[in-house]
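# Observations on the model geometry
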Amino acid sequence: QVQLVESGGGSVQTGGSLRLSCTTSGPTFNPTCIRWFRQAPGKEREVVGGVERAGTTSGGDSVKDRFTISEDVSKHTLYLQMNSLKPEDTGTYFCVDTCSRVWGRGTQVTVSS
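Below is a short write-up of the structure. Since this is a predicted model, take the numbers as computed values, not measurements.

Another point: the side chain of T90. Summarising the element assignment, T90 is placed in the loop between β8 (77–82) and β9 (91–97). Take T90: its relative accessible area is 18%, and that puts it in the buried class. A distance of 2.9 Å separates a polar atom in the side chain of T90 from the backbone oxygen of P87. In this structure the side chain of T90 is engaged in a polar contact, spanning 2.9 Å, whose partner is the backbone nitrogen of V111. Setting aside residues no more than four positions away along its own chain, T90 makes contact with A40, P41, Q108, V109, T110 and V111.

Structure below.
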């Protein structure tokens, strides 16, 4: 049984930073399977990014220059570093193992002006 647990969410002011963690458990760990998504209030989930063969993926222009993704294989953890946060980044952030199709339960991020 694969499990994913997100952590690191919180409340920050505009311009602040947060680092989210996605820790996985199971018989194997493949960071290329993991993706970050987010869902703002009243909106659909959108992809934030993940690790691919050639490097790190990114979402749209709203996050590409501010968010970065890295992994620590020894800890079975994928990180989402978020800098220069804006109020529109507010939402619930999820990680998902796209290989096993298992989602985490999410962590809340709130950015105030």
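Attention shifts here to the nonpolar core. Of all hydrophobic cores here, the largest spans 22 residues; its most connected members are W36, F67, L80, M82 and Y93. With sequence-adjacent residues up to four places away left out, M82 is seen in contact with G16, S17, L18, L20, R66, F67, Y93 and V109.

A few words on the environment of A40. You can see A40 is positioned in the loop between β4 (34–39) and β5 (46–52). With 25 residues separating them along the chain, A40 and G15 place their C-alpha atoms 18 Å apart. In this view, A40 contacts T90 and G91; residues no more than four positions away in its chain are not counted.

Right, let's get into the state of the cysteines. For the structure on display, the rule yields two disulfides. Each sulfur in the disulfide pair C22 and C95 lies 2.1 Å from the other. Across the S-S bond linking C22 and C95, the dihedral sits near 75 degrees, which makes this disulfide right-handed. On the criterion of sequence distance, the pair formed by C22 in strand β3 (residues 18–25) and C95 in strand β9 is long-range, its members being 73 residues apart. Judged by its relative accessible area of 0%, C95 falls in the buried class. The disulfide partner of C33 is C99, and the gap between their sulfur atoms is 1.9 Å. Residues C33 and C99 are joined through a disulfide that is left-handed, its torsion about the S-S bond being -80 degrees. Here the residue C33 occupies a position in the loop between β3 and β4, and C99 occupies one in the loop between β9 and β10 (102–103), the gap between them amounting to 66 residues. In this structure C99 comes out as partly exposed when scored by relative accessible area, which is 48%. In the chain, the bonded cysteines, taken in the order they occur along the sequence, pair up as 1-3, 2-4.

Reading the values: rules and limits
- Residues numbered from 1 in each chain as written.
- Predicted model: local features only at pLDDT ≥ 70, side-chain atom pairs only at ≥ 80, totals over all residues.
- Heavy atoms only, no water.
- Helix = DSSP H or I, 4+ residues; strand = E, 2+ residues; numbered from the N terminus.
- Buried < 20%, exposed > 50% of the residue type's maximum accessible area, 1.4 Å probe, protein only.
- Polar contact = N/O pair within 3.5 Å; in protein donor to acceptor, adjacent residues only side chain to side chain.
- Contact = heavy atoms within 4.5 Å.
- Core = buried A, V, L, I, M, F, W, Y, C linked by side-chain atoms within 4.5 Å.
- Disulfide = S-S within 2.5 Å.

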